[in-house]
Amino acid sequence: MNNIKLIKMWEDDSLLELKVEAMSEYICVNQLCYIQDTDLKENGMKIKELSYNFNGSCYVEFGKKEGNFTPAFSLEFFASDKSGKIKIEVDMEITEK
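Below or above, wherever it landed, is the structure these notes cover.

Analysis parameters
Residues numbered from 1 in each chain as written. Predicted model: local features only at pLDDT ≥ 70, side-chain atom pairs only at ≥ 80, totals over all residues. Heavy atoms only, no water. Helix = DSSP H or I, 4+ residues; strand = E, 2+ residues; numbered from the N terminus. Contact = heavy atoms within 4.5 Å. Phe/Tyr/Trp six-rings, centres within 6.5 Å; stacked < 30°, edge-to-face > 60°. Buried < 20%, exposed > 50% of the residue type's maximum accessible area, 1.4 Å probe, protein only. Lys NZ or Arg CZ within 6 Å of the ring centre and 35° of its normal. Salt bridge = Lys/Arg side-chain N within 4 Å of Asp/Glu carboxyl O.

**Details of the side chain of Ser-74**
Here's step 1: Summarising the element assignment, Ser-74 is placed in strand β5 (residues 73-77).
Here's step 2: If near-sequence neighbours (up to four positions away) are discounted, Ser-74 is found in contact with Tyr-59, Val-60, Glu-61, Lys-65, Glu-89, Val-90 and Asp-91.

Take a look at the structure:
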């Protein structure tokens, strides 16, 4: 992806509604997700730790992907290549209409 945005749409006490937008030259996808503020902070810390060591990998899940829950998405950060680029795999749910 060329651009990944996480946008806080609203907050009620400790529950957040996030909107994720993922864009590349071929596709543009967005999704809403509901998450506790503590889970968001935990995911943020995992991503921050990765920024100190690009040789490792990191998986973060926003919401619960398994089971009968509200929509969720995940980001998997892979170790950097020789040029320093990091591959990020974005997994978002598809809704049927």
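That was the structure; now back to the text.
**Digging into the packing of aromatic side chains**
Here's step 1: Under the definition given, this model contains 2 aromatic pairs.
Here's step 2: For the ring pair Trp-10 and Tyr-34, a centre distance of 6.2 Å and an interplane angle of 50° mean the geometry is tilted. Residue Trp-10 is located in strand β1 (residues 3-12), and its partner Tyr-34 is located in strand β3 (residues 28-36); the two are separated by 24 residues in the primary sequence.
Here's step 3: Geometrically, the ring pair formed by Phe-62 and Phe-73 is stacked, given 4.6 Å between the ring centres and 10° between the ring planes. Here Phe-62, found in strand β4 (residues 58-62), pairs with Phe-73, found in strand β5; they are 11 residues apart in sequence, far enough to count as distant. Each of the two residues, Phe-62 as well as Phe-73, counts as buried.
Here's step 4: Over the face of the ring belonging to Phe-78 we find Lys-87, whose NZ or CZ atom lies 5.4 Å from the ring centre.

**Digging into the pattern of salt bridges**
Here's step 1: Enumeration according to the criterion identifies 2 salt bridges in this entry.
Here's step 2: The salt bridge partner of Lys-8 is Glu-11, with a shortest N-O separation of 3.0 Å.
Here's step 3: According to the relative accessible area criterion, Glu-11 is partly exposed, its value standing at 41%.
Here's step 4: We note a salt bridge from Lys-19 to Glu-21, for which the minimum N-O separation is 3.4 Å.
Here's step 5: Overall, the relative accessible area of 21% leaves Lys-19 in the partly exposed class.

Treat this as a map of the structure, not an account of what it does.
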